[in-house]
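Descriptive structure summary
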Amino acid sequence: MGIRLLINAARFAVTFMVATVAVFIFMRAVPGDPAQIALGVNATPELLAETRAEFGTDRPLPVQYFDWTLGLFRGDFGTSYVTRRDITPLILDRVQVSLILVGLAMAAALLIAVPLGTLMAVNHRRISGILLSGLSQAGVAVPGFLAAILLVVVFAVGLGWFPANGWTPPGEDFGDFLRRVFLPVLALASVQGAILTRYVRSAVLEIMSEDYLRTARAKGLGRTEALVKHGLRNAAIPVLTVTGVQLAALIIGAVVIERVFVIPGLGSLLLDAVGNRDLLTVQSVVMVLVAITLTINLLVDVLYTVLDPRIRKKA
C-alpha cells in the first residue's frame, strides 16, 4: 500500500510540473505586452522598460518560468500586473469560498444520487423506477447555468424566498450564509446529482446480479438488507471513480455559477482577470484549479485502496 501511495504521489508531482509548463507557455502565447496593458497606449518607452523590469517580463522566459514555479511552491503567486496587489492573499480568500460552495454542492448531490439511484435500481422494472430514470435523464440534459437562472427566476424573483445574489461568510452570519448559498448549491447539485444518480443505478443493478448477493438472500436476508450489508460497498467503487471526475467538473462548473450569483470565488476572480488581461493572476488561478483537481484524483486513488481489499492485496 505504501508503494502505491508513493507512485500516486510521484504521478501527482509529475503531472503538476507538466501543467505548470503548459500553462506558462500558453499564457506567454497570448498576444499583448503586460506592461503596455497596465500603462495604456500613451506610455513612453522609458516607462514601459521600467515597468517590464518591475514585472520581470524583460528577463528570458526560462528565468521567468523558474521564478514563477519556485514562487508557487513557496506559496507566493506574485503581484498582479493590473492592480499591483499581492495575488496570494486574494487567491487564499477566494479559494475558501469556492471550496465551501463545491463541497456543499457535492454533498447535496450525493445525498440526492445514492438513495434515488439505489431506488431506481431496485424498482427498475416498476413504474416508479422508470419515472425516476426519466427524471434523472432530463436533469442530465439541463446545463448548470440554465438551472441557476431558473432557480433565481422562481425562488428569488418570483417567490422572494432567497436572495438572488451575494455572499456572506459562514462565520459572520450563518443564517444569512445558508439563505444565500442555498440556490447556488442547488443549481450545482441538481445537475451533478442527476449524473451521479445514473451511475449509482448502473452500479447497483450490476451488483444485484452477483452470486454473493443471491446467496445472502438465500440465507434469509431481504433484498434491501442484503443490498445494504453486502452490495453497496462494492457498488461504491465505480461510483467513487465517477464522483472524483464529477467533483473536478463541479469545480470548473462553479466558475459560471459564481458569476450568475455574484459569489466572490475563484471563478469570479478568474473571469475578472481574463477580462482585465491580468495574465499572472490567470495562470496562478488556473494552477490552483489544477492542484485541486490533482488532489481529488489522489484522494480517489487512496479511497480505492481503503474500500477494495483486492487492491490492498495487490499493492
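Check the entry above for the structure.
What you are looking at is a predicted structure, and each value in this text was computed from that prediction instead of being measured.

A look at the overall build of the protein
Across its full length, the protein holds 13 helices and zero strands. Tracing the protein from N to C terminus, the helices and strands come up as α-α-α-α-α-α-α-α-α-α-α-α-α. Each of the 315 residues in the protein was classed as buried or not, and the buried ones make up 41%. Partitioning the intrachain contacts of the protein with sequence separation of at least 6 by distance along the chain shows that 72% fall at a separation of at least 24. Total accessible area on the protein is roughly 16,700 Å²; 68% of this is exposed by carbon and sulfur atoms.

Digging into the packing of helix H5 (residues 87-122) against helix H11 (residues 266-276)
Each pair of packed helices can be described by the angle between their axes along with the distance between the axes. At their nearest, the axes of H5 and H11 sit 7 Å apart, and the two run at 130 degrees to each other. Compared by their axis directions, H5 and H11 come out oblique. Counted together, Leu-90, Ile-91, Arg-94, Val-95 and Ser-98 of H5 and Leu-266, Gly-267, Ser-268 and Leu-269 of H11 form the full contact between these two elements. Per-class residue counts for the contact of H5 with H11 are five nonpolar, three polar and one charged.

Topic: H5
End to end, H5 covers 51 Å across 36 residues, agreeing with the expected 52 Å (1.5 Å per residue, within 8%). Backbone nitrogen of Thr-88 and a side-chain oxygen of the N-cap are separated by 3.3 Å at the start of H5; the cap is Asp-86.

What to know about the side chain of Arg-94
Tracing the backbone shows Arg-94 in helix H5. Within the buried core, Arg-94 has no salt-bridge partner, and the shortest N-O distance to an opposite charge, that of Asp-93, equals 4.7 Å. Once you skip the residues sitting within four places of it in the chain, Arg-94 turns out to touch Pro-264, Gly-265, Leu-266, Ser-268 and Leu-269.

Description of the side chain of Gln-192
Along the chain, Gln-192 turns up in helix H8 (residues 174-208). Judged by relative accessible area, which is 9%, Gln-192 ranks as buried. Leaving out residues up to four positions away in the same chain, Gln-192 has contacts with Ala-109, Gln-246 and Leu-250.

Quick word on the nonpolar core
The biggest cluster of nonpolar side chains holds 63 residues, and the ones touching the most others in it are Trp-68, Ile-91, Phe-261 and Leu-266. For this core, the secondary structure elements donating two or more residues are helix H1 (2-29), helix H4 (61-74), H5, helix H7 (144-158), H8, helix H10 (223-260), H11 and helix H12 (279-307). With residues up to four places along the chain from it excluded, the contact list for Leu-266 reads Ile-91, Arg-94, Val-95, Ser-98, Glu-258, Val-285, Val-288, Leu-289 and Ile-292.

Considerations on the packing of aromatic side chains
Enumeration according to the criterion identifies six aromatic pairs in this entry. Centre to centre, the rings of Phe-155 and Trp-161 are 5.9 Å apart; their planes meet at 45 degrees, and the pair counts as tilted. Relative accessible area serves as the criterion here: at 23%, Phe-155 is assigned to the partly exposed category. Residue Trp-161 is classed as exposed on the basis of its relative accessible area, which comes to 52%. When the centroid spacing of 5.7 Å and the interplanar angle of 35 degrees are considered together, the rings of Phe-174 and Phe-177 count as tilted. Pair noted here: Phe-174 and Phe-177 are both in helix H8, with a separation of three residues, about one helical turn. Exposure remark for Phe-177: the relative accessible area of 4% places this residue in the buried category. Put simply, the rings of Phe-24, Tyr-65, Phe-66 and Trp-68 touch in pairs and so form one group of aromatic residues.

Cut-off values and rules
One numbering rule holds for all chains: residues counted from 1, following each sequence as written. Local features in a predicted model are, by the rule used here, given only for residues with pLDDT of at least 70; side-chain atom pairs are given and counted only at 80 or more, and totals for whole chains, interfaces and linings are based on all residues. Excluded from the side-chain calculation are hydrogens and water; included are all heavy atoms of the structure. Starting at the N terminus, helices and strands are each numbered in turn, a helix being any DSSP run of H or I of at least four residues and a strand any DSSP run of E of at least two. Three exposure classes are used, based on accessible area relative to the maximum for each residue type with a 1.4 Å probe and protein chains only: buried under 20%, partly exposed in between, and exposed over 50%. Throughout, a contact is declared for two residues whenever any of their heavy atoms are within 4.5 Å. The accessible surface values rely on the Shrake-Rupley method and a 1.4 Å probe; as for residues, cover is taken only from the protein chains in view. All axes are obtained by fitting lines to C-alpha atoms, using only the stretch in contact for helices, and the reported angles, taken between N-to-C directions, cover 0 to 180 degrees. Reported orientations rely on four angle classes, namely roughly parallel under 35 degrees, roughly antiparallel over 145, roughly perpendicular from 65 to 115, and oblique for the rest. All amino acids are sorted into three groups, where Ala, Val, Leu, Ile, Met, Phe, Trp, Tyr, Cys and Pro are nonpolar, Asp, Glu, Lys and Arg are charged, and the leftover types, Gly among them, are polar. The span expected for a helix works out to 1.5 Å for each residue beyond the first. Polar contact is defined as a pair of N or O atoms within 3.5 Å, subject to the rule that within protein one atom must be able to donate a hydrogen and the other to accept it, and that residues adjacent in sequence are counted only when both atoms are side-chain atoms. Only four residue types enter the tally: Lys and Arg on the positive side, Asp and Glu on the negative side; His and the chain ends are excluded. Definition used for salt bridges: Asp or Glu carboxyl oxygen within 4 Å of a side-chain nitrogen of Lys or Arg. Put simply, a nonpolar core is a bunch of buried Ala, Val, Leu, Ile, Met, Phe, Trp, Tyr and Cys residues held in one set by side-chain atoms that sit within 4.5 Å of each other. Pairing of aromatic rings covers Phe, Tyr and the six-membered ring of Trp, with a centre-to-centre limit of 6.5 Å; geometry is then stacked below 30 degrees between planes, edge-to-face above 60, and tilted otherwise.

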